[in-house]
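Structural features, examined
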Amino acid sequence: MYLCVMYSSELIKGTLKTIVLKLLSETEKMYGYEITQKVKELTDSKIVITEGALYPLLHQLEAEGIVTTETVNIGKRVRKYYTLTQTGNERAKEKIYEFADFINTMTILLDLKPNIKYV
Amino acid sequence: MFSLTEEQIAFIENDIKVRGITSPDLSIDLLDHICCVIENKLDGYRNFDTVYQETLLLFGEKGLKEIQDETNRLLTFKHYYSMNATMKISGYISSLMILSGAFFKFNHWPGASALLLVGVFLLTVLFLPLLFILKFKESAESNRSIALSSIAFVSSILFSVGIIFRIMHWPGAQFILIIGGVLLLLAYLPIYFISVYKNTTNKLNARATVILMIAGVGLFLTETGMSGIPRPTSDSFWRGVTESEDLLNFNIQENDKRYEKVAKQLSSDSSSRKSESILQLKNATDELMTYTKKMKAFLISKTEGISEAEAEKIDLDALRTAGGGDILPDLLFGEPSSPYSAKQLQNKIGSYKQVVETIAPSTDLNRLNTGNFMMYGKEVSWEQSNFDHLPIALIIFNIIRIELGISATESAALNQI
């Protein structure tokens, strides 16, 4: 699904939604390209979201009422901004909590000496 | 950072369309995204076309179209749950309504037809289409399973529409049902056999399904084809009906001639008591015959959905394939508002017999017996044996027989006076 420089795709399959929700919950509104760039920047290009995975997800989230869109004219073209709704904010919290919990469990399960830098 | 010119943007916009993106919503996203990528790559040395082609590579081997397909897949998956829930609920409700409708019908309770009709309607317009759509989505890869579910869908729609037609006594029910059955037998089964039987490890299961389906559809077709009167008997039976009607008209004419003859004799004899009896007999007979004639027209108009005036003139041959076994019991037994009932006819025949008895006491009244009698070792009432749960054709035939009895009794009474 996504082009990933560092990790095997099955490892991060299913985290895309969490990543997008987290980013949207921190910023008032974002457009598609901005999201891909932000992820690239935050992960030092270790994770790169592909367009092929991002846009289907954004449209699904819109259909589920998790995000709303607004369009802004940029010269000759139109830019679509995505914003989390009330439900979306709650969903973002749930998803992030769930993933953090999963990481803790995996840390115990794999007996890792945590080297995670919490931001 | 460079900005793309209007022409370049228009070119990309058009190219997105050419590459198969039909959703305007998605093409807005993609256009902006591609423009952003290109604007970040352009540095004044590189040419737009090269950068554009390079950018397209980002979208993978299958290109932009793949994004739209993936979007559609995700969006329909979202509806999957609500469709599935609607299908389940409509399935439960319609099967409950059909079952209780059948139970009501069996007990002759009111509302049976309405329950059945709404149940089958739900099944046809909600359950079956949803089932088909969901099945279709699941089996999107194989042509055979698409063919299988389409045929199953069409024939199940035909079945339920045929059953609605049958319940409502609309013409063509039998035809629709038979087409549905034939489609299952000749189209569904062969494809099912080829695709499932060849690919399954559990041959016993597949074989059992095929045999059960052949047996089930076969029995259904036999039942549907034979409903009403079986054809070979039907031809000679129908000759009996039309000849009885002919015989009845003949008797009525002969009796009329006799009245004229007796009237002539009486005018010379001038026996007022005799002429009064004869007038009484004629009036009583006419009254009863008018009632039976109107009763026939009323019943035919109800089952065939035509006016009573049309029904009176109908060629009895038109009733050959008519069913009407379901509304007639309500009209003849249940509904108090029905102007013609089995009981009323029985009472009218009873008072007619009384009139004949007072005018001509020695007349044989056995042709107009309305008491219970034994049928196949069971005691059956006169109303039941003549009118209960019979097709319209048989009920009309029985009324003609009763009319024949009336005209025979009339003629016997005339001889006695």
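It should be emphasised that the depicted structure is a prediction, and the values quoted were computed from it without experimental measurement.

1. Observations regarding the overall build of chain A
Each helix and strand in chain A was counted, giving five helices and three strands. When the helices and strands of chain A are listed from N to C terminus, the series reads α-α-β-α-α-β-β-α. Of all 119 residues assigned to chain A, the portion counted as buried reaches 27%. Taking as baseline every contact in chain A between residues at least 6 positions apart, the subset at least 24 positions apart corresponds to 49%.

2. Regarding the overall build of chain B
Scanning chain B for helices and strands turns up 15 helices and two strands. Within chain B, buried positions represent 23% of all 417 residues. Once local pairs closer than 6 in sequence are excluded, the contacts in chain B between residues at least 24 apart make up 67%.

3. Some thoughts on the interface of chain A and chain B
Listed by partner, the interface residues are 17 residues for chain A and 22 residues for chain B. Broken down by secondary-structure element, the contributors of at least two residues to the side of chain A that touches chain B are α3 (32–42), α4 (51–63) and β3 (77–84) of chain A. Ranked by residues supplied to the side of chain A that touches chain B, first place goes to α4(A) with seven residues. Broken down by class, the residue content of the side of chain A that touches chain B amounts to six nonpolar, five polar and six charged.

4. Considerations on the packing of helix α2 (residues 16–26) of chain A against helix α5 (residues 86–109) of chain A
Angle between the axes and distance between the axes are the two parameters that describe a pair of packed helices. Residue and element names in this part refer to chain A. For the pair α2 and α5, the least separation of the axes is 9 Å and the interaxial angle reads 125°. Classified by the angle their axes make, α2 and α5 are oblique. The element α2 and its partner α5 pack so that their crossing is left-handed. The residues of α5 that touch α2, namely those facing Lys-17, Thr-18, Leu-21, Lys-22, Leu-24 and Ser-25, are Gly-88, Asn-89, Arg-91, Ala-92, Lys-95, Ile-96 and Phe-99. Considering only residue class, the contact of α2 with α5 consists of five nonpolar, four polar and four charged.

5. Some remarks on the confidence of the model for chain B
Residues and elements named next belong to chain B. For chain B, per-residue confidence averages 81 on the pLDDT scale, and 89% of positions sit at 70 or higher. Looking over chain B, one finds the lowest element-wise mean pLDDT in helix α12 (residues 327–334), namely 72, and the highest in helix α13 (residues 342–359), namely 90. Model confidence for the complex: the whole-complex pTM is 0.44, and ipTM, which rates the interface, is 0.85.

6. What to know about the nonpolar core
Judged by nonpolar contacts, the single largest core of 35 residues is most densely connected at A:Leu24, A:Leu54, A:Leu58, A:Val67, B:Ile34 and B:Cys35. Counting residues per element, this core draws most heavily on helix α2 (residues 24–41) of chain B, which supplies eight residues. If near-sequence neighbours (up to four positions away) are discounted, A:Leu54 is found in contact with A:Gly32, A:Ile35, A:Thr36 and A:Ile49. B:Ala297, B:Leu331, B:Phe387 and B:Ile392 belong to the second largest nonpolar core, which has 32 residues in total.

7. Focus on the sheet that holds strand β1 (residues 30–31) of chain A
Residue and element names in this part refer to chain A. An order of β1-β3-β2 is seen for the three strands of this open sheet, with the pairing classed as antiparallel. Single-partner strands in this sheet number two, and they are β1 and β2 (67–74). Sheet analysis places β1 next to β3, joined by two bridges and oriented antiparallel. Looking at β3, one finds that Tyr-31 is bridged to Tyr-81.

8. Observations regarding the pairing of β3(A)
Residues and elements named next belong to chain A. Sheet analysis places β2 next to β3, joined by eight bridges and oriented antiparallel. Within the sheet, the bridge partner assigned to Thr-71 lies in β3 and is Lys-80. Once β2 ends, the chain turns through two residues before running back antiparallel as β3, passing Gly-75 with a positive phi of about 60°.

About the criteria used
- Residues numbered from 1 in each chain as written.
- Chains lettered and ligands numbered in written order.
- Predicted model: local features only at pLDDT ≥ 70, side-chain atom pairs only at ≥ 80, totals over all residues.
- Helix = DSSP H or I, 4+ residues; strand = E, 2+ residues; numbered from the N terminus.
- Buried ≥ 20, exposed ≤ 12 C-beta atoms within 10 Å, placed from the backbone.
- Contact = placed C-beta atoms within 7 Å.
- Nonpolar A, V, L, I, M, F, W, Y, C, P; charged D, E, K, R; others polar.
- Axes fitted to C-alpha atoms, helices over the stretch in contact; angles between N-to-C directions.
- Parallel < 35°, antiparallel > 145°, perpendicular 65-115°, else oblique.
- Left-handed = near helix turned anticlockwise from the far one by under 90°.
- pLDDT = per-residue confidence, 0-100.
- Core = buried A, V, L, I, M, F, W, Y, C linked by C-beta atoms within 7 Å.
- Pairing = 2+ DSSP bridges.

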